[in-house]
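# Fold and contact review
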Amino acid sequence: QVQLVESGGGLVQAGGSLRLSCAASGRTFSSYDMGWFRQAPGKEREFVTFIRRSGGNTYYADFVKGRFTISRDNAKNTVYLQMNSLKPEDTAVYYCAAAARVSSVDPSDFGYWGQGTQVTVSS
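Please read all numbers here as calculations on a predicted model, not as lab measurements. (Residues numbered from 1 in each chain as written. Predicted model: local features only at pLDDT ≥ 70, side-chain atom pairs only at ≥ 80, totals over all residues. Heavy atoms only, no water.)

## So, the overall build of the chain
For the chain, the helix and strand inventory stands at zero helices and 11 strands. Moving toward the C terminus, one meets the helices and strands of the chain in the order β-β-β-β-β-β-β-β-β-β-β. Taken against the 2.2 N^0.38 rule, which gives 14 Å for 123 residues, the C-alpha radius of gyration of the chain at 13 Å falls within 12% of a compact globule. C-alpha atoms of the chain, sized along the principal axes, occupy 40 × 25 × 25 Å. For the chain, the residues scored as buried account for 42% of the 123 residues in total. Taking the contacts inside the chain whose residues are at least 6 apart along the sequence as the reference set, 58% of them involve residues at least 24 apart. Just so you have it, the chain exposes about 6,000 Å², and 46% of that area is on carbon and sulfur atoms. A distance of 6 Å separates the average location of the 13 positive side-chain charges in the chain from that of its 10 negative side-chain charges. (Helix = DSSP H or I, 4+ residues; strand = E, 2+ residues; numbered from the N terminus. Rg over C-alpha atoms; globule rule 2.2 N^0.38 Å. Buried < 20%, exposed > 50% of the residue type's maximum accessible area, 1.4 Å probe, protein only. Contact = heavy atoms within 4.5 Å. Areas by Shrake-Rupley, 256 points an atom, 1.4 Å probe, with all protein chains shown as cover. Lys, Arg positive; Asp, Glu negative; His and termini not counted. Charge placed at Lys NZ, Arg CZ, Asp CG, Glu CD.)

Spelled out as structure tokens, the structure:
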């Protein structure tokens, strides 16, 4: 019912910044809460952040607080993840996801996923 496409990943040095985008189509974007997850090789997919459909409420995993910012532009059907002060441990594939209403940080609560975009942070 909604299709998600991430972009903006790449290779950066530690301390640098990247801005990820997730473009949505197929259904009213503003009807969904949106989240970002990441998965490193050999690791479980982990929650990074989410934003309510209105954009008025956000929540962040402890390991990104103060460094990452999620935002959305419902008029453009796009959610963003601004990543600052990147660390090598931030290296992972980053996925955006949509949910009718986020009630937990469990990936299973999100019904729609993008294909992922690779973020690599060098030392």
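On we go.
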